[in-house]
2 protein chains.
Amino acid sequence: MKSKQLLYLGLFLFPNLLQAQSNLIQYVKPLIGTARMGHTFPGATVPFGAVQLSPDTDTIPYAMNGKYNGDVYKYCAGYQYDDPTIVGFSHTHFSGTGHSDLGDILVMPTQGKVQLNPGTADRPQDGYRSPYSHSNEVAEANYYKVLLDKHQIKAEMTTTSRVGIHRYTFPKSDASHLILDLTAGIYNYEAKNVWTVVRVLNDSTIVGYRQTNGWARTRTVYFAIKTSKAFKNYGAKYEDAKQVYAGFWRKFDQKNNFPDLAAHQIKMNLDFDTKDGEEVLMKVALSPVSMKNALANMEHEAPDWNFENYVKAGQKSWEQELNKVQVDMLNKEDLINFYTAMYHASLMPTVYMDVNGEYKGLDQEVHQAKGFTNYTSFSLWDTFRAFHPLMNLINPTRNADMVSSMMAHYDQSVLKMLPIWSHYANDNWCMSGYHSVSVVVDAILKGVYKGDAEAALAACVQTANARKYEGIGSYIDLGYVQDEISGTSVSNTLEYAYDDWCIAQLAKKLGKDDIYKDFIKRASNWKNVYDHSIGFMRPKDAKGIFRSKFDALETHGQGFIEGNTWNYSLYVPHQPVAMMEMMGGPKKLENYLDSLFTMELPDKYFEHTEDITRDGIIGNYVHGNEPSHHVAYLYNQTASPWKTQARVRQIIRNQYHNGHAGLGGNDDCGQMSAWYLFTALGFYPVAPGDDAYWIGSPLVKSAKINLENGKTITIDVKNQSEKNVYVKKVSLNGQPLAGLKLSYAAIMNGGALQFEMTDKPGK
Amino acid sequence: MKSKQLLYLGLFLFPNLLQAQSNLIQYVKPLIGTARMGHTFPGATVPFGAVQLSPDTDTIPYAMNGKYNGDVYKYCAGYQYDDPTIVGFSHTHFSGTGHSDLGDILVMPTQGKVQLNPGTADRPQDGYRSPYSHSNEVAEANYYKVLLDKHQIKAEMTTTSRVGIHRYTFPKSDASHLILDLTAGIYNYEAKNVWTVVRVLNDSTIVGYRQTNGWARTRTVYFAIKTSKAFKNYGAKYEDAKQVYAGFWRKFDQKNNFPDLAAHQIKMNLDFDTKDGEEVLMKVALSPVSMKNALANMEHEAPDWNFENYVKAGQKSWEQELNKVQVDMLNKEDLINFYTAMYHASLMPTVYMDVNGEYKGLDQEVHQAKGFTNYTSFSLWDTFRAFHPLMNLINPTRNADMVSSMMAHYDQSVLKMLPIWSHYANDNWCMSGYHSVSVVVDAILKGVYKGDAEAALAACVQTANARKYEGIGSYIDLGYVQDEISGTSVSNTLEYAYDDWCIAQLAKKLGKDDIYKDFIKRASNWKNVYDHSIGFMRPKDAKGIFRSKFDALETHGQGFIEGNTWNYSLYVPHQPVAMMEMMGGPKKLENYLDSLFTMELPDKYFEHTEDITRDGIIGNYVHGNEPSHHVAYLYNQTASPWKTQARVRQIIRNQYHNGHAGLGGNDDCGQMSAWYLFTALGFYPVAPGDDAYWIGSPLVKSAKINLENGKTITIDVKNQSEKNVYVKKVSLNGQPLAGLKLSYAAIMNGGALQFEMTDKPGK
């Protein structure tokens, strides 16, 4: 289908596009979302790379007594744009999460007296951290640069998948240092570092590992470090000498040039003489398995010291990734929003496997990935909604590997559960539902995952029957999670019901009638928490009595997670018609949605809302959290689909901006960005597991999606403008779309999707 | 050579021997040395087995501030005969050490209310520990049995190399338990457990690991457990909930039947219904590498539940081991001493490798042992003296593997040093010298180790040039370790000089003249700390001035480790003639030795002597520590070799007894026992690295050593009796021995060693 004719058509239809094709990474602005609640990181990485080498401006001081000192959620990505100092550059970062764990292997260049403590933002002179200025900062895909003001050291970063490459340009000094702080971490606290080992193999090679307890309960990051120049001297400090049994290691001077270190808390200084303007490079390779694998990863991916080549190679891979969707848009700001969203939707999950195929499994054993690339960091409560569907569209092979990774996780799980929120050979059990089920089912039904479907179904069923987890036992017995045993009984019930519907779809396809019957029944469990008397989902106790004291506007303590019942009552993505009927029909739903988007709420209802700012909200619609991501599309089944079109354009304009505070809430591992990308292209997967995309209002002027199967989808939007947000006509390959829906199957056959826009709502 | 003729000769010469041959393990009494300072363990193990499954009666409460609570050295082997209670049965034990680290995976059967704390010896009712009676205790090679009085539970233990097999016979109860205390350990303290993971795979299978910091700085023991009967229920307790980030794991009830546990400190109870007299068996396999390897070890070595077969198989391997030396002795007590010594000299080092050949290296990486069995726990300051020479005689293949293990350790060492005191992928740097050099050189010169001799020499040289270790830099620069930088400057100097002589011997053999010259010069460094003015070795400062305040009788603070200068001044095993000359000739040496053995010292000189009791001392001769082990043989080069003969018989009679307190000092990983065995056979390796054994006075009536090369040595002692301690004649294959020496080479050719004894000293 990639005929010359089609290519010619492309040239004709999208005259502005060609320019973009040649250099899409120019539109990637990693600093977007780094201020306030976006929780993105500005540093260097390659698509889905194992290493995210990025500056950290502070960490969350988390106290073990459950009390937090400071802003709980501020430093999930390690960097906050408004901070005045950089602490150092570490190698692992989540993108857009509301919690964290990483920030491993922090490196900082300094000069003069060795300082092994970071100091504070107020008094950077007391530590190794440095003030910096955004005017001296450059953040590109796979390249980050900043001038560290304290000692006028230029810091540059790039990566390969498993290796971070640092280039520091020093002023002249006989006391230049690279500080290696292995105690540093995001969400840090005193007992976080379980154990640390460092072995200095020679005057320019260090290996070791950092083992932590935290969000990931048992996590070990192995590393290998090489410097381009031999260090003339090195020092080490055990921060916790009292806790470590020193024994006869006291025979050695372990502080100076001692190559064999192990303790809970280790910091090191590598010392150099530098000429003025001398560059010292450092490569840091990571491994989930061993120090020798980290070394092998480095040898394989980053054998030499050609910094520019690593930048170029990584940027080339970004260019390839971004080129999967070529768009023309109304203005450059939109191009930046679009490609930065693509960038943010190509960071996580991350590769979690060495070049030799080995990885650490959930069972804490070393495994060999056979026939797939193993990924980690699945924020599934977020990403099942639009991120994984996006992968099915533009990255099916990766998504198949992600499903394989989930299946491997399941096989390694002693609880016999697919991942909930898994990272680094752990599950942290964050958020609710069992939404890997949605991802697995959707990938199988769409033909993306070609592994053993029956085994996958068994894994889904087993997960859905994990009675001990989050009220599932109650859910199975009563048809809903009873209020008494869960603070999020209603959202759990709703999410389980959706997931159960997914399982039913897969069972149906595989001809497993018993399973289908069981789970299609469970799929209706959302009805059991709907209180007709108030027209909302509402917590219910074991006796079937709804909770008496209930606030439909309040987010906290009402039986929901990250949302109030106004938003959550719409969470029946798999049975939206039945939901609408339950609510009283199309007009009632339309009125409900109108109210949701327009009501004016006092601030008090948002004071404790997590992960978003006031910006993330339109009326009572909360876009900054995920439960409502499908909501604006629900007008499609009322008499007023034009309201979907208006709302999605409004949300895009309201929630996605260029600029450091450009994201209204946590990007959540690409879910917020994936919503943007689908919506900007004109359609959205309301219920993954279903074949249908729902039509919204495209923001692009035109687009070309280069499918992995070699086919292409072109999207042409006639009369696109800021005002023309309404869809007058939409057709696929010349045929008008029925019911404002578009099937995945149709899209994967390639062809031309054509919109005609107008400023008149299609009432 | 094993001709019928020789066999017939054997029958004729050793009429009492045949009986012994058929059942030698009857003479093994594992309880010998378990009272007071022997520090042996009474539990079950196979020769050099990876698992030592043994009862622990308490542990050393060691405080991180360096202050000990209680008796520092009492519980190195976990068991003290005089203790009234048993805490539980753990799987790893050193034999005869003066420090410890092990006691991993403690199991205890109980009934009634679940108690997860051990309680105290005074109040066993407050915990899971139980009183017991020695009248209900049986300790054999690879079999241990005891009745636990508290609940009348019979406990039986046996092992394969990597698997401990427990058999508990319970009274009837619906609340029978197996307590699994993963916080327990020998030399325990609060922060010792770095991390612990437990995964309950099904109702009768558990895997996990225990990671500790201690004498071994970074040590992880992986385990797999199976029970013969499904547990009906299980519970877990995190002892340190406050230190662990619980996060969303709080969603689960982690205390009851929760299979996925990780924390610093974990204890568990496995619950059973038992009929009266019901046996519940448990198998616990260990691995240095992984949980799956532990499972594989179990499947390979202990696939079924036939307890008796495991006892028999292990006892058969003991019988084979003991049959390497068949002896006839004056009485049964001597037979018990002899074969118990053989038993104690066949416990350590231990196999440290899975059945698939994988092991954890010093570099904390997983390695595959190629062509050798990897061993760990090398207490080299002790064992280079007689234990490894004994291995060269009766276990050369094992000793070659031990040298290979040392070479692998060296290859993995970032400090480029052969082991000092290594166990479990660590070096704990205990004691002085670099005596692996002695073992390596002796094994090469004797043709035992057939690996790369040049690489071995390079490793020895590199180790001897580790300037940063224990004053080696000073030793190289000054010819002695200067007093200012080491509390044991003199003993270090003496031991280095001996080790250097060993290196010189290997260099000579390999034609490495430069190395030979360098190290034969260093071999004389003992002369540099000899103070002619007082006739003793004495600490000397960097300026060459001997320390002014010096007590030749005091052990502590005088520049020596575990010995005073009276003993240490004789520590020139490689150049005894030169030493004698330095001391003033044969008569002076004889007088010196006479004084050593006969002087009467006040108790104060022994109050702080480590690792021995007053029993371990004859005059000022300290047999309970190792530095003097060659001393009694030194009379051989005076005019009075008969005094050697008298003294060694005296020492044997004084220091080695049947009975629980039968050892006068720590058995030190078989070194004390190896001294006994050589001495009882009539010869001793005064200077390993030298081919010569020095003749003493045999205790055996006759002996037959079955060499690995298929040849045999018979030892016939004519006129042997308690009184006839003097050697009138000694010949090998009919030829009188020259100079009261016997060469290894001659022995390995097989033949007959004949002694004729008398009660008249050969003045």
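- Looking at an unreviewed UniProt entry, one finds chain A named GH92 family glycosyl hydrolase and attributed to Sphingobacterium anhuiense.
- The Subunit (unreviewed entry) comment attached to chain A in UniProt states, word for word, "Monomer."

1. Points about the relation of the copies chain B and chain A
So, step 1. Overlaying chain B with chain A gives an RMSD of 0.0 Å, the required rotation being 180° about an axis along which the chain moves by 0.1 Å. Overall, the copies show the geometry of a two-fold rotation axis. Among all residues of chain B, the minimum C-alpha distance to the rotation axis is found for V194(B), at 3.2 Å.
So, step 2. By residue overlap, the copies meet face to face through one surface: 100% of the interface positions of chain B are interface positions in chain A.

2. With respect to the sheet that holds strand β14 (residues 260-263) of chain B
Residues and elements named next belong to chain B.
So, step 1. Overall, antiparallel pairing links the 10 strands, which are arranged β2-β5-β6-β7-β8-β16-β12-β11-β10-β14 in an open sheet. In this open sheet, the two edge strands, each paired with only one partner strand, are β2 (85-86) and β14.
So, step 2. Across the face of the sheet, helix α3 (residues 291-301) comes into contact with β8 (163-170), β10 (193-202), β11 (205-212), β12 (219-227) and β16 (278-287) while running at roughly 50° to β12.
So, step 3. With respect to the sheet, helix α4 (residues 307-322) is in contact with β5 (130-140), β6 (143-148), β7 (153-159), β8 and β16, its orientation differing from that of β7 by roughly 45°.

3. Examining the sheet that holds strand β30 (residues 702-706) of chain B
Residues and elements named next belong to chain B.
So, step 1. Strand order in the open sheet formed by six strands is β17-β30-β31-β35-β32-β33, with mixed pairing between adjacent strands. Both edges of this open sheet fall to β17 (325-328) and β33 (735-736), since each of them pairs with a single strand only.
So, step 2. The sheet contact formed by strand β31 (residues 712-718) and strand β35 (residues 751-758) spans six bridges and is parallel. The residue bridging D716 from the neighbouring strand is Q754, located in β35.

4. Structural notes on the pattern of salt bridges
So, step 1. Under the defined criterion, the tally for this structure stands at 66 salt bridges over all chains.
So, step 2. Salt-bridge contacts for D477(A) lead to R467(A); the nearest nitrogen and oxygen are separated by 2.6 Å. Of this pair, D477(A) sits in helix α11 (residues 472-478) while R467(A) sits in the loop between α10 (453-464) and α11, and the two are 10 residues apart along the sequence.
So, step 3. A salt bridge links D442(B) to K446(B); the shortest N-O distance between them is 2.8 Å. In this pair, the class of D442(B) matches that of K446(B), namely buried.
So, step 4. Through salt bridges with shared partners, a single ionic network connects D101(A), D104(A), K192(A), R210(A) and R219(A).

5. Topic: the side chain of N395(A)
Residues and elements named next belong to chain A.
So, step 1. With respect to the secondary-structure elements, N395 resides in the loop between α7 (387-394) and α8 (396-412).
So, step 2. Here N395 falls in the buried class, since its relative accessible area comes to 1%.
So, step 3. Only 2.6 Å separates the side chain of N395 from the side chain of E321, close enough to count as a polar contact.
So, step 4. Apart from the residues lying within four places of it in its own chain, the contact partners of N395 are F48, E321, K324, L390 and E708.

6. Overview of the nonpolar core
So, step 1. If you look at the biggest cluster of nonpolar residues, it comprises 507 residues, and the most contacted ones within it are F338(A), F683(A) and F338(B).
So, step 2. In this structure, F338(A) is in contact with V325(A), V327(A), M329(A), Y676(A), L677(A), A680(A), L681(A) and V700(A), ignoring residues within four places of it in sequence.

7. Topic: the interface of chain B and chain A
So, step 1. At the interface, 54 residues of chain B touch 55 residues of chain A.
So, step 2. Summed over both sides, the interface of chain B with chain A buries roughly 4900 Å², with 56% coming from carbon and sulfur.
So, step 3. The three residues of chain B that bury the most area against chain A are R217(B), Y245(B) and V414(B), which together make up 18% of that side's buried surface.
So, step 4. Applying the counting criterion to the chain B and chain A interface returns four salt bridges.
So, step 5. Between E470(A) and K251(B) there is a salt bridge, with the nearest N and O atoms lying 3.3 Å from each other.
So, step 6. Secondary structure elements with two or more residues in the side of chain B that touches chain A: β10, β11, β14 and α3 of chain B.

8. Observations regarding the environment of C76(B)
Residues and elements named next belong to chain B.
So, step 1. With respect to the element layout, C76 can be found in the loop between β1 (54-56) and β2.
So, step 2. C-alpha separation for the pair C76 and A674, spaced 598 residues apart in sequence, amounts to 20 Å.
So, step 3. Each residue touching C76, except ones within four places of it in the same chain, is listed here: H39, I60, F94, T97, G98, H99, S100, I186 and Y187.

9. Notes on unusual backbone geometry
So, step 1. Put simply, M348(A) and P349(A) share a cis peptide bond, and its omega is -5°.
So, step 2. Topologically, P349(A) is positioned in the loop between α5 (332-344) and β18 (350-351).
So, step 3. Even without being a glycine, A425(B) presents a positive backbone phi close to 60°.
So, step 4. Looking at the secondary structure, you find A425(B) in the loop between β23 (421-422) and α9 (436-445).
So, step 5. Phi at D668(B) takes a positive value of approximately 50°, unusual for a residue other than glycine.

10. Quick look at the packing of α4(B) against helix α5 (residues 332-344) of chain B
All names here are of chain B.
So, step 1. Contact geometry of α4 with α5 gives a least axis separation of 10 Å together with a crossing angle of 110°. Relative to α5, the element α4 is oriented roughly perpendicular. Judged by residue contacts, W318, E321 and L322 of α4 engage Y339, M342 and Y343 from α5.
So, step 2. For the contact of α4 with α5, a count of residues per class yields five nonpolar, no polar and one charged.

11. Notes on the side chain of S422(B)
So, step 1. With respect to the helices and strands, S422(B) occurs in strand β23.
So, step 2. The buried category is assigned to S422(B), whose relative accessible area is 5%.

12. What about the packing of aromatic side chains?
Within a pair of aromatic rings, the relevant descriptors are the distance that separates the centres and the angle that separates the planes.
So, step 1. The tally for this structure, following the rule as stated, stands at 87 aromatic pairs over all chains.
So, step 2. Ring centres 5.6 Å apart and planes at 80° place the aromatic pair F231(A) and Y234(A) in the edge-to-face group. There is no split in this pair, since F231(A) and Y234(A) are both buried.
So, step 3. Taken together, a centroid distance of 4.7 Å and an interplanar angle of 10° make the contact between Y434(B) and Y496(B) stacked. With Y434(B) in the loop between β23 and α9 and Y496(B) in helix α12 (residues 489-509), this residue pair connects regions lying 62 residues apart in the sequence.
So, step 4. Classification of Y434(B) as buried rests on a relative accessible area of 0%.
So, step 5. Connected via pairs of aromatic rings, a cluster forms that spans Y27(A), F338(A), Y339(A), Y633(A), Y656(A), W675(A), Y676(A), F678(A), F683(A), Y684(A) and Y693(A).
So, step 6. The aromatic ring of W249(B) is capped on one face by R217(A), whose charged end is 3.5 Å from the ring centroid.
So, step 7. The positively charged end of K283(A) is found above the aromatic ring belonging to W305(A), 4.2 Å away from the centroid.

13. Looking at the environment of S702(B)
So, step 1. Looking at the element boundaries, S702(B) is found in strand β30.
So, step 2. Take S702(B): its relative accessible area is 2%, and that puts it in the buried class.

14. Remarks on the pairing of strand β15 (residues 266-274) of chain B
All names here are of chain B.
So, step 1. Across the nine residues of β15, eight count as buried, placing the element largely inside the fold.
So, step 2. Relative to β15, strand β13 (residues 233-238) runs antiparallel, the two sharing six bridges. Note that in β15 the partner of Y234 across the bridge is L270.

15. Notes on the environment of E756(A)
Residue and element names in this part refer to chain A.
So, step 1. Counting through the fold element by element, E756 comes out in strand β35 (residues 751-758).
So, step 2. Overall, E756 belongs to the buried group, its relative accessible area being 16%.
So, step 3. When the C-alpha atoms of E756 and V727 are compared, they prove to be 5.9 Å apart, with 29 residues separating the residues in sequence.
So, step 4. Those residues in contact with E756 that sit more than four places away from it in its chain are K718, N719, Y726, V727, K728 and K729.

16. Considerations on α8(A)
Residues spaced three or four apart along an α-helix point in a common direction, a consequence of the helix completing one turn every 3.6 residues.
So, step 1. The end-to-end C-alpha distance of α8(A) is 24 Å, a good match for the 24 Å that 17 residues give at a rise of 1.5 Å each.
So, step 2. Counting buried positions along α8(A) yields 15 of 17 residues, so the element is predominantly enclosed.

Criteria and cut-off values
Residue numbers restart at each chain and count upward from 1, following the sequence in its written direction. Chain letters and ligand numbers both follow the written order, the letters beginning at A and the numbers at 1. Totals for whole chains, interfaces and linings use all residues, but because this is a predicted model, local features are given only for residues with pLDDT of at least 70 and pairs of side-chain atoms are given and counted only at 80 or more. Hydrogen atoms and water are omitted, and side-chain values are computed over all heavy atoms in the structure. UniProt positions are given in the numbering used here, feature names are shortened, and annotations may be inferred rather than shown by experiment. In superposing the copies, a least-squares fit is computed on C-alpha atoms, taking residues whose pLDDT is at least 70 in both. Whether two residues touch is decided by their heavy atoms; if any such pair falls within 4.5 Å, the residues are in contact. At least two DSSP bridges between two strands are required for those strands to pair. Runs of H or I in DSSP of at least four residues are treated as helices and runs of E of at least two as strands, each being numbered from the N terminus. Working convention: axes come from line fits to C-alpha atoms, limited for helices to the stretch in contact. Angles between N-to-C directions cover 0 to 180 degrees. Think of a salt bridge as a Lys or Arg side-chain nitrogen and an Asp or Glu carboxyl oxygen that are within 4 Å of each other. Only protein chains enter the calculation, and the probe is 1.4 Å; a residue is then buried if its accessible area is under 20% of its type maximum, exposed if over 50%, and partly exposed in between. Polar contacts, as used here, are pairs of N or O atoms within 3.5 Å; protein pairs need one atom able to donate a hydrogen and one able to accept it. Residues neighboring in sequence count only if both atoms are side-chain atoms. Among buried residues, those of type Ala, Val, Leu, Ile, Met, Phe, Trp, Tyr and Cys that are joined through side-chain atoms within 4.5 Å constitute a nonpolar core. Two parts placed together each lose some accessible area; with a 1.4 Å probe, that loss summed over both constitutes the buried area. Angles are sorted into four bins: roughly parallel if under 35 degrees, roughly antiparallel if over 145, roughly perpendicular if 65 to 115, and oblique for all others. Note that Gly is not counted as nonpolar here; it falls among the polar residues with everything else outside the nonpolar set of Ala, Val, Leu, Ile, Met, Phe, Trp, Tyr, Cys and Pro and the charged set of Asp, Glu, Lys and Arg. Here the aromatic set is Phe, Tyr and Trp, taking the six-membered ring for Trp, and pairing holds for ring centres within 6.5 Å; pairs whose planes are under 30 degrees apart are stacked, those over 60 apart are edge-to-face, and all others are tilted. Placement of a positive charge over a ring is assigned whenever Lys NZ or Arg CZ falls within 6 Å of the ring centre and within 35 degrees of the normal to the ring plane. Take the residue count of a helix, subtract one, and multiply by 1.5 Å to get its expected span.

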